[in-house]
Structure formats: C-alpha cells, structure tokens
Amino acid sequence: MNKSKTIQFYADPGHGWAKVKKSELEKLGIAQLISACSYERGEYAYLEEDCDLSLYIDALRARGFTYKFV
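Residues numbered from 1 in each chain as written. Predicted model: local features only at pLDDT ≥ 70, side-chain atom pairs only at ≥ 80, totals over all residues. Heavy atoms only, no water.

Novice: Which residues make up the sheet that holds strand E2 (residues 16-21), and what values do they have?
Specialist: An order of E3-E4-E2-E1-E5 is seen for the five strands of this open sheet, with the pairing classed as mixed. Bordering the open sheet on either side are strand E3 (39-41) and strand E5 (66-69), each of which pairs with just one other strand. On average, adjacent strands in this sheet sit at an angle of 30° to one another, irrespective of strand direction. Pairing of strand E1 (residues 4-11) with E5 involves four bridges; the strand directions are parallel. Bridging across to E5, Thr-6 finds its partner in Lys-68. (Pairing = 2+ DSSP bridges. Helix = DSSP H or I, 4+ residues; strand = E, 2+ residues; numbered from the N terminus. Axes fitted to C-alpha atoms, helices over the stretch in contact; angles between N-to-C directions.)

See below:
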C-alpha cells in the first residue's frame with residue numbers, strides 16, 4: 001500500500017507554513033507538541049517551517065509515509 005501525503009505549503013518572504021488538519025496531528029500524537037510559532041484557523045494548523053514542520057515530517061516518516069509539497 002502506497003502511503004503518501006500531499007502537503008499544501010504557503011510562504012511569504014520570511015516564513016513558510018504547511019497546512020495540516022488538526023485531527024491528523026491528534027492521530028499522529030503530536031498535537032500537544034506544536035509550538036506557538038505555528039497557528040490555527042478552523043480545522044487546520046499551519047505549521048511553521050523552522051519550528052513544527054519537521055516534527056510533522058518525522059511523524060509521517062516514522063509511519064511509512066512519503067510526502068510532497070504543493
């Protein structure tokens with residue numbers, strides 16, 4: 001089974017964020033580890049590239065997922 005994720009990425013001249021459902025962060029067991037550098041809007045968290053995005057990517061890799069950014 002191919003386990004892959006397509007991650008929406010947004011950037012401005014100084015920062016970048018990945019859009020991830022908060023429910024997915026809960027399922028991965030990392031929701032409580034997300035810092036104040038990221039932010040939430042509705043059902044999504046926007047993970048800051050220098051702080052929290054690596055935590056999410058590590059959790060995906062640990063579960064056998066591949067990923068790409070769009």
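Novice: Would you mind going over helix H2 (residues 53-62) in detail, with residue names and values included?
Specialist: Along H2, the positions that sit buried rather than exposed are Leu-53, Tyr-56, Ile-57, Ala-59 and Leu-60. Taken around the axis of H2, the buried residues stretch over an arc of 160°, which confines them to a single face. On its buried face, H2 sits against E1, E2, helix H1 (22-28), strand E4 (44-48) and E5. Two residues or fewer past H2, Gly-64 is found with a positive phi of approximately 85°. (Buried < 20%, exposed > 50% of the residue type's maximum accessible area, 1.4 Å probe, protein only. Arc of directions from axis to C-beta. Contact = heavy atoms within 4.5 Å.)

Novice: So what about the pairing of E4? Which residues, and what values?
Specialist: Along E4, four of the five residues are buried, which leaves the element largely enclosed by surrounding structure. Where E2 and E4 come together, five bridges link them in antiparallel fashion. Each residue of the ladder has a partner; that of Lys-19, found in E4, is Tyr-46. Here three bridges tie E3 to E4, and the two strands are oriented antiparallel to one another.

Novice: Tell me about the state of the cysteines, and name the residues and values.
Specialist: Throughout the structure, instances matching the rule amount to zero disulfides. The cysteine Cys-37 is free of any disulfide, with Cys-51 supplying the nearest cysteine sulfur at 3.2 Å. (Disulfide = S-S within 2.5 Å.)

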